[in-house]
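What follows is the residue order along each chain.
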Amino acid sequence: MASVSFRNIQKAFGKVKVIHGISFDIADGEFVVLVGPSGCGKSTLLRMLAGLEEISGGEILVDDRVVNDLESKDRDIAMVFQSYALYPHMTVRENMAFSLKLRKADARATAERVATAARILNLDALLDRFPRELSGGQRQRVAMGRAIVRDPKVFLFDEPLSNLDAKLRVAMRAEIKALHQRLKTTTVYVTHDQIEAMTMADRIVVMHDGIVEQIGTPLQLFDHPSNLFVAQFIGSPAMNVFKGTLRRGDGTCRVEAQGIAWPLTEREGGREGQPVHYGIRPGDISLVAPGEGIAAKVVVVEPTGAETELVLDVGGERLIVVLHGRTEVQPEQTVGLRIDAAKAHLFDEGSGQRID
Amino acid sequence: MSRGFSWRKVSTEAQLLLVGIPVLLWTLIPVYHLLLFAISQRDSATSGRLWPADPTLQNFGIVLGQKHFYLTHFWVQIGNSLLIAVATGLITLFVATCAAFAISRLKLRGGRTVLNLALITYFIPAAFLAVPMYKTMANYGLLNNRWSMILAMVTIAAPYCIWVLKQASDKLPWELDEAARIDGASPLQLFRLVYVPLMVPSLVAVGTYALLLAWNEYLYGFLLLSKENEIPLAVALGNFLSADDSPWELLMATGFIYALPPAAIYYAFKRYMVSGLTAGAVKS
């Protein structure tokens, strides 16, 4: 187990800079998820930590030791790849024992550790099979088993669930999380799927275009996104955002957009007439009787059983509302909306930064 | 579909057969002649019959027993052929595998150049190099030594083998190398424990190619080796024609025996040959 620190990490491929000075610390035993859209540099950052990619600038420390110039094998890390990267010509047992064999570990101890890992991951019955004889989920578990056997300081996961179908992905998500709770090994996990990030992470690092947009616990990011990018990236369905103008006179705060006054609680930042983005999450809007609140026309009703998702038209803009339970409303119907003003978010139009 | 039969399918089949049958005949007629001569009596070999009146295996007996002036070193010569072919196969395989691994997996600087040079050697027919090769072997004092033939054949076979193996190597997923590196493998361990086992089909194909190339070679054997007990069988077969009155039936019987090992090897490895030699031919 170990702590990990990134200190002003930079990466350039030739003349193209892809990571522009990233710094943050990961505590011993923490489960940190790097999340962001494709090309944001999250995998590159992970690969630099793994020693698979040269570091162009800055330092990476594992347990307060700079590892920049250490070979992968000397960093004491284990990695699970998106494509599993199992050795096709070795059985599950051989795959899991490979790293110990390279280290010339004692055969009995190796067998014991493989057996323990196999028990943890329910692979006992599959130990003598070849990877080609396994399903996707089983292969993923073998890849994890290969990492566990090593008992490394840090686990790295590079989009490990992307090749699995939706149902299996949910199951494996829980399995990885349970595994972490059991082993308490420092883990860095890369994904582009914000739901994976929200459900698994102790802390999330949101990345975009080679910089860190925000670092925080899942609920911090959800409740207090520090900028528009994080606000729109975290949460599903995504936050509703409108361009508007901030109005603050007579002791109240509101945003004018589409000819409608969107409610806000009083805040210190922001000046009268400032161009802003107004954000409200689909779950923070409720339906009231027509005529009350903000008038909206129903476009689509999407029942999912436990929840109902409504796509509404408000002054020509699309607005998504998620209701718990069922609803009687029909497309083309007009409804009233009540906004939970305390949950509304405000961002500067130019910089996208949060205004509190 | 209610029936697996359509005129379009029949027409496609017919066209294929129309091309295939002549090609098959074209290929088989020489083999047929080879066999026909080999089982004919000396005086009836050129009688023009489709099948000899009294087929005999006596010619094979003469060949295997070395009971003819031209055949006194038959077993030594077939041994030479075998030694040269196997050594060429193994050495080529070693050189080409190491080169392909270094270029494809270790991304060695200058690898691209080596590969392009290998390709360029194909613009020069092997026969053009025969005289320079003769001179080089003479400089090293290797003439009349079977090593000269082996080295020459490795030189000719290696570029193509490197090219094919590099293409096949490129298809192995990169993550395997990365996983092995993280697992603690050195480049040599990566080569031995991961790369070579996964390349076996291509290695078999390429090794067989080099082996057969050397087995079938005539010109280089003829130039570099001249002693009766050092020449490969291919050259010895050529010597049958040095007299006016050649024993055709023995030439063909020996030729038939000479053709058997390649056929056996090809048959044994045919499953690798197709997949191995075309591996990397197209981007999939």
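Residues numbered from 1 in each chain as written. Chains lettered and ligands numbered in written order. Predicted model: local features only at pLDDT ≥ 70, side-chain atom pairs only at ≥ 80, totals over all residues.

Caption draft 1: Here's a closer look at the overall build of chain B. Counting secondary structure elements, chain B contains eleven helices and zero strands. In sequence order, the secondary structure elements of chain B are arranged as α-α-α-α-α-α-α-α-α-α-α. Its C-alpha atoms give chain B principal-axis dimensions of about 75 × 70 × 35 Å. (Helix = DSSP H or I, 4+ residues; strand = E, 2+ residues; numbered from the N terminus.)

Caption draft 2: Molecular detail of the pairing of strand E13 (residues 260-264) of chain A. Residue and element names in this part refer to chain A. Pairing of strand E12 (residues 252-257) with E13 involves five bridges; the strand directions are antiparallel. Bridge pairing links alanine 257 to isoleucine 260 in E13. Here E12 hands over to E13 after two residues, with glutamine 258 in that stretch at a positive phi of 50 degrees. (Pairing = 2+ DSSP bridges.)

Caption draft 3: Structural view of the domain arrangement of chain B. Residue and element names in this part refer to chain B. Under the domain assignment, chain B is made up of domain 1 (7-64) and domain 2 (69-278). Across the boundary between the two partners, domain 1 contributes eleven residues, which contact eleven residues of domain 2. Elements with a contribution of two residues or more to the side of domain 1 that touches domain 2: helix H1 (7-38) and helix H2 (58-64). Here the side of domain 1 that touches domain 2 is built from residues that sort into eight nonpolar, two polar and one charged. (Domains from an automatic or database assignment. Contact = placed C-beta atoms within 7 Å. Nonpolar A, V, L, I, M, F, W, Y, C, P; charged D, E, K, R; others polar.)

Caption draft 4: Structural detail: H1(B). Residues and elements named next belong to chain B. The first and last C-alpha atoms of H1 sit 45 Å apart over 32 residues, in line with the 46 Å expected at 1.5 Å per residue. The sharpest bend along H1 comes to roughly 30 degrees, located at leucine 28, with the proline proline 30 sitting one to four residues further on. Burial of H1 is sparse: only two of the 32 residues sit out of reach of the surface. (Expected span 1.5 Å × (residues − 1). Bend = angle between axes of the 7 residues up to and from the residue. Buried ≥ 20, exposed ≤ 12 C-beta atoms within 10 Å, placed from the backbone.)

Caption draft 5: How the structure looks around the nonpolar core. Ranked by size, the top nonpolar core spans 150 residues in total, and within it A:Leu156, A:Val188, B:Met153, B:Ala157, B:Cys161 and B:Val206 carry the most contacts. With 16 residues, the single largest contributor to this core is helix H6 (residues 146-170) of chain B. What A:Val188 contacts, discounting residues up to four positions off in sequence, is A:Val4, A:Ile26, A:Val32, A:Leu34, A:Leu46, A:Leu49, A:Val154 and A:Leu156. Core analysis: the second largest hydrophobic core is formed by eleven residues, B:Phe37, B:Ala38, B:Tyr70 and B:Leu71 among them. (Core = buried A, V, L, I, M, F, W, Y, C linked by C-beta atoms within 7 Å.)

Caption draft 6: Here's a closer look at the pairing of strand E14 (residues 275-280) of chain A. All names here are of chain A. Here E14 lies mainly inside the structure; five of its six residues are buried. As paired strands, strand E11 (residues 240-249) and E14 are joined by six bridges and run antiparallel to one another. Paired with phenylalanine 242 across the strands is tyrosine 278, a residue of E14. Of the pairings in the sheet, the one linking E14 to strand E20 (residues 345-348) comprises four bridges and is antiparallel in character.

Caption draft 7: Up close: the domain arrangement of chain A. Residues and elements named next belong to chain A. If you check the domain split of chain A, you get domain 1 (4-233) and domain 2 (240-348). Once you take the C-alpha centre of each, domain 1 and domain 2 turn out to be 39 Å apart. Taken together, the contact pairs five residues of domain 1 with five residues of domain 2. The class makeup of the residues in the side of domain 1 that touches domain 2 is three nonpolar, two polar and no charged.

Caption draft 8: The environment of A:Val62, seen in detail. All names here are of chain A. Structurally, valine 62 can be placed in strand E4 (residues 57-62). When the C-alpha atoms of valine 62 and aspartate 76 are compared, they prove to be 9.3 Å apart, with 14 residues separating the residues in sequence. Among residues more than four places away in sequence, those in contact with valine 62 are Ala2, Val4, Val67, Arg75, Lys153 and Val154.

Caption draft 9: Highlighting the sheet that holds strand E16 (residues 294-303) of chain A. All names here are of chain A. Taken together, five strands build an open sheet; the order of strands is E15-E19-E16-E17-E18 and the sheet is antiparallel. The sheet is open, and its two borders are formed by strand E15 (285-288) and strand E18 (317-324), each paired with just one other strand. Across the sheet, the mean angle from the axis of one strand to that of its neighbour is 45 degrees, orientation sign disregarded. By the bridge criterion, eight bridges tie strand E17 (residues 307-314) to E18 in an arrangement that is antiparallel. Within E18, the residue paired with threonine 308 across the bridge is leucine 323. (Axes fitted to C-alpha atoms, helices over the stretch in contact; angles between N-to-C directions.)

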